[in-house]
Amino acid sequence: MTHIETSSPETVALQQFLDNHFPSLESLSLVEGLLRGEEETKSTLEDELRAAQTREAELEMEASGISERIRAESLKLIDIHSEIVGASADDDVSAWQFREGTETMELVSKLAAELQTYERLQQSKDYIDIVVDVEKTVEQAKSGISKDSQSVLVACTHAIELLAKHVALSDVDRGHVTRPSHLCSYITQSVQSMWEEVEMAAGASQSESLTRIGWPGKMDMSSTSDVVKFDSSFSMLLNLDRIMRGAQQTLDQSGIDLCKGRFSPLPLEYMARAVDIRMRYHFESSRDTNRADKSEWWLSQILSTLRNIVPFLEAHVQWLYDATATEHLDIRNQFILLLLPIVRRKLLHDRSQYLAAGMIVSSVVRELADFEHTLQEVYFFDGPSVLDEFLSDSTVFSAWVEAERTSAMKAYMDTVAEPGAFDPVYDGDVLDADDARPSRVSERAVLLVEDIAERYSVVPS
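Residues numbered from 1 in each chain as written. Predicted model: local features only at pLDDT ≥ 70, side-chain atom pairs only at ≥ 80, totals over all residues. Heavy atoms only, no water.

Undergrad: Residue-level account of unusual backbone geometry, with values.
TA: Here the residue pair Trp215 and Pro216 is connected by a cis peptide bond, since its omega of 0° sits within 30 degrees of zero. Checked against the element boundaries, Pro216 lands in the loop between α5 (181–212) and α6 (224–246). (Helix = DSSP H or I, 4+ residues; strand = E, 2+ residues; numbered from the N terminus.)

Right under this line is the structure:
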């Protein structure tokens with residue numbers, strides 16, 4: 001390139017730059033690209049500068065807000081400290097300087113530590129108050145079991161309230177007050193244990209009084225004291241049941257299952273236990289009465305029990321329930337519902353024998369059909385059909401069908417093998433010329449089919 005004749009430093013520097021970077025005229029074409037790159041770099045740096053200035057403004061606002069919050073919290077601490085230990089030495093606290101390292105901030109730090117200690121002590125006191133409340137409630141329930149049923153019910157109601165207040169509610173609903181998990185566990189376990197003890201005592205009292213008046217056999221209502229004792233324990237269990245079911249949402253949220261799958265009122269559940277125990281003893285033990293091929297034995301026992309107790313259920317228990325109930329419940333129908341699990345369990349108990357000897361199923365189905373017919377016609381029962389449930393077991397039903405097929409084939413082949421099996425049943429002189437002349441084997445086959453059809457006639461279509 002042509003050198004510019006001048007001796008100024010700027011000129012010399014420019015000349016050296018041009019000589020180094022643009023040794024020829026063609027290289028000058030690169031200048032435009034370099035300039036564009038520099039402009040883009042400048043634009044980027046300006047954008048970054050504006051963003052930094054914006055962020056600086058935001059941080060200044062945040063710092064100002066934090067400073068104001070520190071001031072407000074500090075003033076709050078001073079107010080709380082004043083309430084605890086007396087008025088502040090400086091009434092004009094608004095003029096204090098809340099900066100790091102100042103005497104004011106040192107005082108605030110001390111106050112914060114004192115406040116934390118105070119809050120921990122207050123929290124501990126709250127926990128102790130809760131534990132004492134739970135203990136008093138449990139003691140009230142236990143001490144009233146044998147002498148004051150009303151006190152027991154009050155304690156049980158309060159126990160549910162404790163669960164609702166300290167366990168079931170979320171921290172948000174509780175005003176962001178967090179309960180330690182061990183405290184919640186203590187409340188839950190204490191309430192559950194107390195409830196089970198109260199329920200067991202009331203159930204034992206009812207069972208004892210029922211036994212004295214003949215339950216579940218022939219009832220003898222001549223002892224007024226035993227009847228009164230039954231009435232009292234029945235009412236106690238019924239009130240417990242209402243408290244329990246009315247608090248179901250609280251119990252669910254607390255992780256407590258007091259119902260334990262029971263769908264009927266508690267007093268009826270305990271009344272059904274005596275029937276259940278008797279049926280287990282006679283028909284699900286090692287006794288001779290436990291026979292799969294004698295379903296009529298245990299089904300008739302249930303019907304016999306109903307004959308003895310239904311008058312008592314209709315006349316006395318229904319009246320006792322209606323006296324305090326807010327809704328109607330057919331006690332007779334509800335109690336029969338409680339007996340159906342006994343039937344289901346016995347059928348399941350004998351299932352393996354049904355599969356091994358399918359012809360037993362025929363007898364069981366017949367007996368179940370008669371049993372349900374009696375329930376419907378005599379006791380007006382309108383609950384589920386155990387027979388339908390039993391026949392829905394495809395494995396058992398298939399075992400029955402296979403047993404019927406095998407038995408029918410054997411009977412038919414035995415008939416065919418008999419001497420004279422194909423001889424006419426009737427002599428020629430008793431029939432007209434156009435009358436059919438059935439053989440003995442055909443007559444036996446017809447009887448066999450009718451017999452099978454009769455056994456299957458009880459199966460619902």
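Undergrad: So, the confidence of the model for the chain: which residues are in play, and what are the values?
TA: Per-residue confidence for the chain gives a mean pLDDT of 84; residues scoring 70 or more make up 80%. Here helix α1 (residues 9–21) stands out as the element of the chain with the lowest mean pLDDT, 73, in contrast to helix α10 (residues 331–349), whose mean of 97 is the highest. (pLDDT = per-residue confidence, 0-100.)

Undergrad: Explain the environment of Arg287 residue by residue, including any values.
TA: Tracing the backbone through its elements, the reader meets Arg287 in the loop between α8 (266–283) and α9 (295–324). In contact with Arg287, other than residues within four places in its own chain, are Tyr281 and His282. (Contact = heavy atoms within 4.5 Å.)

Undergrad: Describe the environment of Ala159, with residues and values.
TA: Mapped onto the elements of the fold, Ala159 is located in helix α4 (residues 149–168). Distance in space between the C-alpha atoms of Ala159 and Asp133 is 9.2 Å, their sequence separation being 26 residues. Setting aside chain neighbours within four positions, we find Ala159 in contact with Thr137, Val191 and Met194.

Undergrad: So what about a nonpolar patch on the surface? Which residues, and what values?
TA: Taken together, the side chains of Met409, Tyr412 and Met413 present a nonpolar region at the surface, about 300 Å² in accessible area. What makes Met409 partly exposed here is its relative accessible area of 45%. (Patch = residues over 30% accessible without salt bridge, like charges linked within 9 Å, V, L, I, M, F, W, Y side chains within 5 Å. Areas by Shrake-Rupley, 256 points an atom, 1.4 Å probe, with all protein chains shown as cover. Salt bridge = Lys/Arg side-chain N within 4 Å of Asp/Glu carboxyl O. Buried < 20%, exposed > 50% of the residue type's maximum accessible area, 1.4 Å probe, protein only.)

Undergrad: Summarise the nonpolar core; cite the residues concerned and give the values.
TA: In terms of nonpolar packing, the biggest core is built from 54 residues, with Met271 and Phe335 touching the most fellow members. Looking at this core, the elements with two or more residues in it are α6, α8, α9, α10, α12 (359–378), α13 (386–391) and α14 (394–417). Counting residues per element, this core draws most heavily on α9, at 12 residues. Excluding residues within four positions of it along the chain, Met271 makes contact with Gln206, Leu210, Trp215, Phe230, Phe234, Phe312, Leu313, Val317 and Phe335. The next biggest cluster of nonpolar side chains, apart from the first, holds 34 residues, and it includes Ala159, Leu183, Ile256 and Tyr270. (Core = buried A, V, L, I, M, F, W, Y, C linked by side-chain atoms within 4.5 Å.)

Undergrad: So what's going on with the packing of aromatic side chains? Which residues, and what values?
TA: According to the stated counting rule, one finds six aromatic pairs in the structure shown. Here Phe397 and Trp400 contribute two aromatic rings whose centre-to-centre distance is 5.7 Å and whose plane-to-plane angle is 85°, an arrangement assigned as edge-to-face. Linking Phe397 with Trp400, this pair stays in helix α14, spanning three residues, or about one helical turn. The partly exposed category is assigned to Phe397, whose relative accessible area is 27%. The side chain of Arg242 reaches across the aromatic face of Tyr321, ending 5.8 Å from its centre. A cation over a ring is seen here: Arg273 above Tyr270, with NZ or CZ 4.1 Å from the ring centre. (Phe/Tyr/Trp six-rings, centres within 6.5 Å; stacked < 30°, edge-to-face > 60°. Lys NZ or Arg CZ within 6 Å of the ring centre and 35° of its normal.)

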